[in-house]
Amino acid sequence: MRRFVMALVLLMLVLAPTAGVSAHQLDAARALAGATQWLLSQQRPDGGFAGFSGESDPGITVDAVLALAAAGMNPAQVRQEEGRSSIEYLQSVAAQYAERPGGAAKLVLAAIASGQNPRSFGGVDLIRRLEQAFDPATGLYDQQLFSNAYVLLALSAAGVRVPDAAIGGILERQAADGSWAWNGSTEPGSGDSNTTALVVQALAALGHADHPAVQRALQYLHSVQATDGSFAYQPADTLVGDANSTALAIQALLAAGEEPQSPTWRYALDALARFANPSGALRWRDDAADDNLFATVQGIPALARQPFPLHGTVRPLLVARAPQTTEEPDCHFFPETDQSLCGPFLETWEQLGGLPNFGYPLTRAYYDPALGLVVQYTERARFELHRLPDGRELVLLGRLGAELAPSRPREAFAPAEPKTSADCVYFAETQHNLCAGFRAYWEHFGGLSAFGYPLSEEFVENGMVVQYFERARFEWHPGVWPERFDVLLTRLGAEIVEEGS
């Protein structure tokens with residue numbers, strides 16, 4: 001019994017509230033989780049999100065739809081209790097909002113991101129409207145370059161060919177400093193980071209990420225990045241970054257094949273995460289500290305590492321599996337899998353057994369909307385970051401053994417009677433025994449905090465003696481690893497990651 005008490009004490013120590021952690025991928029994942037959950041609370045019963053007038057607005061609702069899709073939630077399924085979805089709201093206003101090319105383009109992006117048909121959205125053929133808006137004389141679909149960039153993104157997402165003249169219309173309006181201005185002006189000082197970032201995403205979506213114009217635009221974005229990693233709207237003697245400009249710049253960097261979470265770009269994702277308020281919402285700037293819906297909906301896709309256009313609802317696990325190309329401060333990088341463990345996840349990994357118990361990390365830390373948690377998978381475990389009502393955080397291990405236990409009832413999972421053997425211990429909590437080598441491994445290498453209670457008796461599965469626990473599956477391999485009682489742990493984390501791919 002003393003071992004069980006010590007295991008519980010260890011659990012409490014490991015899961016003590018985190019404080020002062022500077023683990024960058026965790027910061028971005030935390031910010032994404034908080035922003036997404038706050039955004040969900042802002043949806044109105046009609047399915048829309050409020051604009052500056054306080055009433056539901058199609059423009060900000062499209063931005064919210066793209067944010068939710070980027071975070072891994074299908075907007076067509078998100079609604080308040082007994083309310084409409086955002087897609088239903090947008091379909092109801094599509095005819096009017098699509099009268100201008102910029103509005104039609106944003107609706108196309110929302111439709112595709114949520115699995116809808118942009119050629120029949122709310123009774124409107126949005127693609128036809130965009131094609132009809134092209135002006136061969138100017139090479140533009142909309143005289144405002146910001147809106148024109150949305151059109152290019154929309155046509156790219158829909159797989160519609162864009163005339164060469166439309167590419168030329170954009171390129172000829174790039175200013176000497178590499179920027180684009182919202183109104184198309186090439187006068188010195190007229191360009192801005194927001195329009196430039198959206199145009200970069202459009203050019204990249206159309207297959208021109210390596211164009212010299214994009215490289216000049218990246219140099220311009222460098223010129224508006226503050227020392228804290230955030231981006232300002234325009235160059236200034238003293239640069240003051242804001243969440244909207246930072247988010248759009250991050251999306252542009254991702255679209256152009258750059259890594260925003262790197263020394264070259266001053267860990268821009270970490271800078272964006274610092275705009276998060278205690279509510280989860282993002283603020284526009286540090287000198288405008290109120291929760292800002294516009295900043296939040298623009299920040300979420302960047303925190304989720306998603307440039308535009310989205311081609312459907314994002315699968316966060318697939319994004320999290322992408323190899324890391326740079327090492328981050330306060331993290332342990334594992335070249336074996338090109339992933340890192342950071343902050344409280346790294347601390348828990350080390351304190352509860354490290355590589356033999358959990359294996360290498362297979363993903364970065366990310367927000368899983370299905371669980372509503374920041375998580376990270378290793379070969380044999382899922383680390384979960386839980387927030388308490390008072391704001392403190394605890395790390396728990398996911399119940400992978402319970403989740404992956406055989407679905408069909410088996411005798412080994414039925415409640416068992418206590419065994420009389422001296423090498424067995426009985427757990428009344430789950431009514432199962434733990435014996436011999438499995439008991440020795442459980443007690444010596446983590447106990448309750450690492451593996452949880454047994455969910456079954458020992459039994460033969462796929463030719464091996466195994467036993468399921470809340471957080472693990474033990475396998476007996478005679479003679480393979482005597483120092484660890486010949487017990488190996490099933491790669492349950494790997495199974496989930498591979499199935500999710």
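Residues numbered from 1 in each chain as written. Predicted model: local features only at pLDDT ≥ 70, side-chain atom pairs only at ≥ 80, totals over all residues. Heavy atoms only, no water.

Chemist: Looking at this structure, I do not really get the overall build of the protein. What am I missing?
Modeler: The secondary structure content of the protein amounts to 20 helices and 12 strands. The C-alpha radius of gyration computed for the protein amounts to 26 Å, which stays within 12% of the reference 23 Å derived for 501 residues, consistent with globular compactness. Across the 501 residues of the protein, 56% fall into the buried class. Of the contacts made within the protein by residues no fewer than 6 positions apart, 58% connect residues no fewer than 24 positions apart. Surface exposure of the protein reaches about 20800 Å², of which carbon and sulfur atoms provide 51%. (Helix = DSSP H or I, 4+ residues; strand = E, 2+ residues; numbered from the N terminus. Rg over C-alpha atoms; globule rule 2.2 N^0.38 Å. Buried < 20%, exposed > 50% of the residue type's maximum accessible area, 1.4 Å probe, protein only. Contact = heavy atoms within 4.5 Å. Areas by Shrake-Rupley, 256 points an atom, 1.4 Å probe, with all protein chains shown as cover.)

Chemist: I tried to follow the sheet that holds strand 3 (residues 366-368) on my own but got confused; where do I start?
Modeler: Within a sheet, each strand pairs with its neighbour through backbone hydrogen bonds, oriented either parallel or antiparallel. Ordered by their spatial adjacency, 4 strands build an open sheet running 3-4-5-6, and the pairing between neighbours is antiparallel. Edge positions in the open sheet fall to strand 3 and strand 6 (393-397), since each of these has one partner strand only. On average, adjacent strands in this sheet sit at an angle of 35 degrees to one another, irrespective of strand direction. In this structure, strand 4 (residues 373-377) lies alongside strand 5 (residues 382-387), joined through 4 bridges in antiparallel fashion. Directly across from Val374, in strand 5, lies its bridge partner Leu385. (Pairing = 2+ DSSP bridges. Axes fitted to C-alpha atoms, helices over the stretch in contact; angles between N-to-C directions.)

Chemist: When you look at the state of the cysteines in this model, what are you seeing that I'm missing?
Modeler: Disulfide: a covalent bond formed between the sulfur atoms of two cysteine residues. Tallying each qualifying case throughout the model produces 2 disulfides. Residue Cys331 pairs covalently with Cys342 via a disulfide, S to S 2.0 Å. Looking along the S-S bond of the Cys331-Cys342 disulfide, the torsion reads about 105 degrees, which is the right-handed sense. Residue Cys331 is found in strand 1 (residues 331-334), and its partner Cys342 is found in strand 2 (residues 339-342); the two are separated by 11 residues along the sequence. Cys331 gets classed as buried once you look at its relative accessible area, which sits at 18%. (Disulfide = S-S within 2.5 Å.)

Chemist: Sorry, what's going on with the UniProt feature "domain: Prenyltransferase alpha-alpha toroid" (unreviewed entry) in the protein here?
Modeler: In this structure's numbering, the residues bearing the UniProt feature "domain: Prenyltransferase alpha-alpha toroid" (unreviewed entry) are residues 2-89 and 153-259. Annotated as 48% helix and 0% strand, the span residues 153-259 places its first and last C-alpha atoms 21 Å apart. (UniProt positions renumbered as here; feature names shortened; annotations may be inferred.)

Chemist: Looking at this structure, I do not really get helix 10 (residues 212-223). What am I missing?
Modeler: Helical geometry: 3.6 residues make up each α-helical turn, so side chains three or four residues apart lie on a common side. Taking 1.5 Å per residue as the helical rise, helix 10 with its 12 residues ought to reach 16 Å, and the 17 Å between its terminal C-alpha atoms agrees with that figure. Along helix 10, the positions that sit buried rather than exposed are Ala213, Val214, Ala217, Leu218, Tyr220 and Leu221. Buried residues of helix 10, seen end-on, are gathered within an arc of 160 degrees and therefore sit on one face of the element. Against helix 8 (164-171), helix 9 (193-205) and helix 11 (243-255) lie the buried residues of helix 10. (Expected span 1.5 Å × (residues − 1). Arc of directions from axis to C-beta.)

Chemist: Where do I start with the environment of Phe308 in this structure?
Modeler: Locating Phe308 in the fold gives a position in the loop between helix 13 (293-303) and helix 14 (316-321). Each C-alpha atom, one on Phe308 and one on Leu66, is 8.9 Å from the other, the two residues being 242 residues apart in sequence. Ignoring anything within four residues of it in the chain, the contact list for Phe308 reads Leu66, Leu153, Gln201, Gln251 and Pro301.

Chemist: Please clarify how the packing of aromatic side chains should be interpreted in this entry.
Modeler: Counting across every chain of the model gives 19 aromatic pairs. Relative to Tyr468, the ring of Phe459 lies with its centre 6.1 Å away and its plane at 15 degrees, an arrangement referred to as stacked. The two residues Phe459 and Tyr468 agree in class, both being buried. With centroids separated by 4.3 Å and ring planes inclined at 35 degrees, the aromatic side chains of Phe469 and Phe474 adopt a geometry described as tilted. Summarising the burial analysis for this pair, Phe469 and Phe474 share the class buried. Site record: aromatic cluster; members linked through ring pairs are Phe438, Tyr441, Phe445, Phe451, Phe469, Phe474 and Phe485. For the cation-ring pair, Arg484 lies above Phe445, with the distance from its terminal atom to the ring centre recorded as 3.8 Å. Over the face of the ring belonging to Trp481 we find Arg484, whose NZ or CZ atom lies 5.2 Å from the ring centre. (Phe/Tyr/Trp six-rings, centres within 6.5 Å; stacked < 30°, edge-to-face > 60°. Lys NZ or Arg CZ within 6 Å of the ring centre and 35° of its normal.)

Chemist: Explanation requested: the pairing of strand 11 (residues 473-476) in the structure shown.
Modeler: Along any regular strand the residues' side chains alternate between the sheet's two faces. The pairing of strand 10 (residues 464-468) with strand 11 spans 4 bridges and is classified as antiparallel. Across the sheet, residue Val465 finds its bridge partner in strand 11, namely Trp476. Linking two consecutive strands that pair antiparallel, namely strand 10 and strand 11, is a turn of 4 residues. As defined by bridge partners, strand 11 adjoins strand 12 (residues 487-489) across 3 bridges and the pair is classed as antiparallel. Each residue of the ladder has a partner; that of Phe474, found in strand 12, is Leu489.

Chemist: Before we go on, may I ask you to explain the sheet that holds strand 9 (residues 459-461) in this structure?
Modeler: The 4 strands are arranged 9-10-11-12 in an open sheet whose pairing can be described as antiparallel. Each having just a single partner strand, strand 9 and strand 12 make up the two edges of the open sheet. In this sheet, neighbouring strand axes are inclined to one another by 45 degrees on average, regardless of whether the strands run parallel or antiparallel.

Chemist: For this particular structure, what's the right way to read the environment of Asp135?
Modeler: One can find Asp135 in the loop between helix 6 (126-132) and helix 7 (145-157). Discounting residues that sit within four places of it in the chain, Asp135 has contacts with Leu140 and Gln143.

Chemist: Quick question: what am I supposed to make of the confidence of the model for the protein here?
Modeler: Low pLDDT means the predicted coordinates in that region are not meant to be read closely. Across the protein, pLDDT averages 93, with 95% of residues at or above 70. Counting interchain partners and residues more than four positions distant, the pLDDT-below-50 stretch residues 1-23 has 38 contacts. (pLDDT = per-residue confidence, 0-100.)

Chemist: Explain the domain arrangement of the protein here, please?
Modeler: Think of interface size as the accessible area that goes away when the parts come together; that is how it is often given. According to the domain assignment, the protein consists of domain 1 (23-304), domain 2 (331-398) and domain 3 (402-500). One C-alpha centre belongs to domain 1, the other to domain 2, and the line joining them spans 30 Å. In this assembly, 12 residues from domain 1 lie in contact with 16 residues from domain 2. Interface area for domain 1 against domain 2, summed over the two sides, is near 1100 Å², with a carbon-plus-sulfur share of 65%. Among the residues of domain 1 in contact with domain 2, Gln25, Leu26 and Arg30 are the three that bury the most area, contributing 52% of the side total. (Domains from an automatic or database assignment. Buried area = accessible area lost by both parts, 1.4 Å probe.)

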